[in-house]
Amino acid sequence: MSAIKKSKLLSLKHFPKRGLVGSFSSCCKPSVFGHVEQGPADPIFGVAEAFKADKNPKKVMLGVGAYRSDDGKPYVLPCVRKAEEIVYKKCGNHEYLPIAGMPEFNKVAVELALGKDSCILKEGLNMTVQSLSGTGAIRLGAAFLGMFYKGNKEAYISNPTWGNHRNVFLHSGIPWKYYTYYDPKTIGLDFKGMSENLCCIPDESIVVFHAVSHNPTGVDPTPEQWKAFSQICMQKKHFPFFDMAYQGFASGDPERDAKAVRMFIDDGHQVAVAQSFAKNMGLYGERIGAFTFTCRSKEEVAKVLSQMKIVIRAMYSNPPTFGARLITEILGNPELKCLWLQDVKCLADRIMSCRQKLVEALKKEGSKKDWSHITNQIGMFSFTGLKPEEVKKIIKEFAVYMTADGRISIASLGSPNIDYVAKAMHAVTK
Ligand code: KET
């Protein structure tokens, strides 16, 4: 028998018989994925899945941080609508972008973060690339540090933090550890604990800071406290890694919200800055962001960029165009930029007024608890202080969905649901 015939016989004999009603699940060859275990649902997007499945007509979704208009609908910023028209009229092509992204976009993005007058930008000491929104920016920075960082290759993240920080650093080959951040007793920053922690972790550690609007607590350091952290990081030679997902969202003023990042740079630190345009431009699904390392020389910028391009090429080759075109129009055109500044101020103001309204509604319901932290906190979220069993109860009995740590997206509150949410919060906390 020829070799070909022999191998044909072998393959036929070993091929599972699937009659007309047979299926791949009854196949006799064990699956290569047989050992894979069920993973836990994402602590944030998992809430959205549970919400979708709930049949309660009164259900309210406060889990994912996405801005809603007062009537609870997704909201497209007026400046974005105008930019869309301009982009469509320009009738651009669908060619690949360069690996590092659209150069015009990278320029306006980093200018927004560091300030147009930044010495770093004037001297060309920034390595900036376009990224897949804020998550993608952090991922690029982490991947680069995983390969090239010579200091203590551990990421110190705040306790608590945005749940995905752990994943992103771990998947980039960088183990993470917590530093003290939040004090549940004062519902504020544990300044002493955090300072002590930053002093006693190994020198040259990577320290991840929320540049503004700390997620999930809504508690930001004061300028004096930032100064103290900057000094500690300088003494300890830590590498500050800023996650800047909410520039403009906290105060309504993007310049003011960039103060911490700019202070660290002015103090002489080399930093990483991961920017997202999901929230401050309402471009969640467009996945548009930017990542910057500040360097010490132009030669260093060129070398770091060359390696970053290799990282990007291996991950996703090059980024998408649409979001970059929109942002370039908005930030690069003085008229549209002015409109955006008004838009982002409106978002921030509505969030602040929702905080107020929620506290008033809780009082109206008869709650005697002190809810002043809701109005003191800043940004998209409020860390309500609801305990895990209260969160379970509010979801089960009222279909008010939030993350298990009691975080609510204030930006999802509005006229149709605010009284109902207050009633539910009072019922589970009295
Ligand atoms: N950093 C922080 C602190 C953050 O809250 C988010 C998103 C991101 C980065 C990433 O955003 P991106 O969409 O990749 O630009 N937070 C909301 C959504 C999410 O979990 O992805 C949230 O906390 O609900």
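Residues numbered from 1 in each chain as written. Predicted model: local features only at pLDDT ≥ 70, side-chain atom pairs only at ≥ 80, totals over all residues. Heavy atoms only, no water.

Attention now moves to the overall build of the chain. Looking only at helices and strands, the chain has 17 helices and 13 strands in total. Taking 430 residues into account, the globule formula puts the C-alpha radius of gyration at 22 Å, and the chain, at 25 Å, falls close to it. Looking at the chain as a whole, 53% of its 430 residues are labelled buried. Here the analysis covers contacts within the chain between residues at least 6 apart in sequence; of these, 75% occur between residues at least 24 apart. Element-wise, carbon and sulfur atoms account for 58% of the exposed surface of the chain, whose accessible area totals about 21,700 Å². Computed over 57 positive and 42 negative side-chain charges, the inter-centroid distance for the chain is 9 Å. (Helix = DSSP H or I, 4+ residues; strand = E, 2+ residues; numbered from the N terminus. Rg over C-alpha atoms; globule rule 2.2 N^0.38 Å. Buried < 20%, exposed > 50% of the residue type's maximum accessible area, 1.4 Å probe, protein only. Contact = heavy atoms within 4.5 Å. Areas by Shrake-Rupley, 256 points an atom, 1.4 Å probe, with all protein chains shown as cover. Lys, Arg positive; Asp, Glu negative; His and termini not counted. Charge placed at Lys NZ, Arg CZ, Asp CG, Glu CD.)

Our next topic: the sheet that holds strand β3 (residues 152–159). By way of backbone hydrogen bonds, the strands of a sheet pair with one another, either parallel or antiparallel. Spatially, β2-β10-β9-β8-β7-β3-β4 is the arrangement adopted by the seven strands of the open sheet, whose pairing is mixed. Each of the sheet's edge strands pairs with one partner strand only, and the pair in question is β2 (126–132) and β4 (176–180). Across this sheet, the average inter-strand angle for adjacent strands is 25°, counted without regard to direction. Along the sheet, helix α6 (residues 133–148) contacts β2, β3, β7 (205–210), β8 (239–244), β9 (272–276) and β10 (288–294); its crossing angle with β2, the most-contacted strand, is approximately 125°. (Pairing = 2+ DSSP bridges. Axes fitted to C-alpha atoms, helices over the stretch in contact; angles between N-to-C directions.)

One can describe the packing of helix α14 (residues 334–364) onto helix α17 (residues 418–429) by two numbers: an axis separation of 8 Å at closest approach and a directional angle of 55°. Between α14 and α17, the crossing angle belongs to the class labelled oblique. Here the hand of the crossing between α14 and α17 comes out right-handed. For the pair formed by α14 and α17, the contact residues are Cys354, Lys357, Leu358, Ala361, Leu362 and Lys364 on the first element and Ile418, Asp419, Val421, Ala422, Met425 and His426 on the second. Among the residues forming the contact of α14 with α17, the class breakdown is eight nonpolar, one polar and three charged. (Parallel < 35°, antiparallel > 145°, perpendicular 65-115°, else oblique. Left-handed = near helix turned anticlockwise from the far one by under 90°. Nonpolar A, V, L, I, M, F, W, Y, C, P; charged D, E, K, R; others polar.)

Right, let's get into the packing of aromatic side chains. In total, this model carries 25 aromatic pairs according to the counting rule given. Their ring planes at 90° and their centres at 6.4 Å tell us that Trp226 and Phe229 sit as a pair that is edge-to-face. With Trp226 and Phe229 both in helix α9 (residues 223–236) and three residues apart, this pair spans about one turn of that helix. In this structure, Trp226 and Phe229 share a single accessibility class: buried. Between Trp226 and Phe264, the aromatic rings sit 6.0 Å apart at their centres with planes inclined by 85°, giving edge-to-face as the arrangement. (Phe/Tyr/Trp six-rings, centres within 6.5 Å; stacked < 30°, edge-to-face > 60°.)

Taken together, the side chains of Val32, Phe33 and Val36 define a hydrophobic patch exposed on the protein surface, amounting to about 350 Å² of accessible area. Topologically, Val36 is positioned in the loop between α1 (3–14) and α2 (45–53). Taking the relative accessible area as the measure of exposure, Val36 reaches 54% and is therefore exposed. (Patch = residues over 30% accessible without salt bridge, like charges linked within 9 Å, V, L, I, M, F, W, Y side chains within 5 Å. Salt bridge = Lys/Arg side-chain N within 4 Å of Asp/Glu carboxyl O.)

Under the domain assignment used here, the chain contains domain 1 (45–76 + 346–429) and domain 2 (96–332). Between the C-alpha centres of domain 1 and domain 2 the distance comes to 28 Å. The interface is formed by 17 residues belonging to domain 1 together with 18 residues belonging to domain 2. Linking domain 1 with domain 2 are zero salt bridges, by the criterion used here. The interface formed by domain 1 and domain 2 contains five residue pairs in polar contact (both at pLDDT 80 or more). Secondary-structure elements contributing two or more residues to the side of domain 1 that touches domain 2 are α14 and β11 (381–383). For the side of domain 1 that touches domain 2, the element with the highest residue contribution is α14, accounting for four residues. When grouped by side-chain class, the residues that make up the side of domain 1 that touches domain 2 number 10 nonpolar, five polar and two charged. (Domains from an automatic or database assignment. Polar contact = N/O pair within 3.5 Å; in protein donor to acceptor, adjacent residues only side chain to side chain.)

Near the ligand, the surroundings consist of 19 residues, among which Ser133, Thr135, Asn215, Asp243 and Ser276 are the closest. Between the ligand and the protein, one listed contact pairs an oxygen atom with a side-chain N or O atom of Tyr246 at 2.7 Å. Surface burial for the ligand is 95%, taken as the share of its 510 Å² of free accessible area covered by protein chains. By residue number, the principal contributor to the shell around the ligand is α6, which donates three residues. Among the residues forming the shell around the ligand, the class breakdown is eight nonpolar, seven polar and four charged. Residue assignment places the shell around the ligand across two domains, with domain 1 (45–76 + 346–429) and domain 2 (96–332) each supplying three or more. (Near = heavy atom within 4 Å.)

What follows covers the state of the cysteines. What the rule picks out here adds up to zero disulfides. Its sulfur unpaired, Cys295 is 16 Å from the next cysteine sulfur, which belongs to Cys119. Cys79 provides the cysteine sulfur closest to Cys338, a residue in no disulfide bond, and the two sulfurs are 11 Å apart. Residue class for Cys338 comes out partly exposed when judged on its relative accessible area of 41%. (Disulfide = S-S within 2.5 Å.)

Among the six residues in β7, six count as buried, and that is most of the element. Because side chains alternate across β7, one face comprises the buried residues Ser205, Val207 and Phe209, and the other comprises Ile206, Val208 and His210, equally buried. For β3 and β7, the ladder comprises three bridges, and the chain directions are parallel. Looking at the pairing, Ala155 lines up with Ile206 of β7. Across five bridges, β7 lies against β8 in parallel orientation.

Next up on the list: α6. Over its 16 residues, α6 extends 23 Å from the first C-alpha to the last, a length consistent with the 22 Å expected when each residue adds 1.5 Å. Most of α6 sits out of view: 12 of its 16 residues are buried. Turning to α6, its buried residues number three or more, namely Ser133, Gly134, Gly136, Ala137, Ile138, Leu140, Gly141, Ala142, Ala143, Phe144, Leu145 and Gly146. (Expected span 1.5 Å × (residues − 1).)

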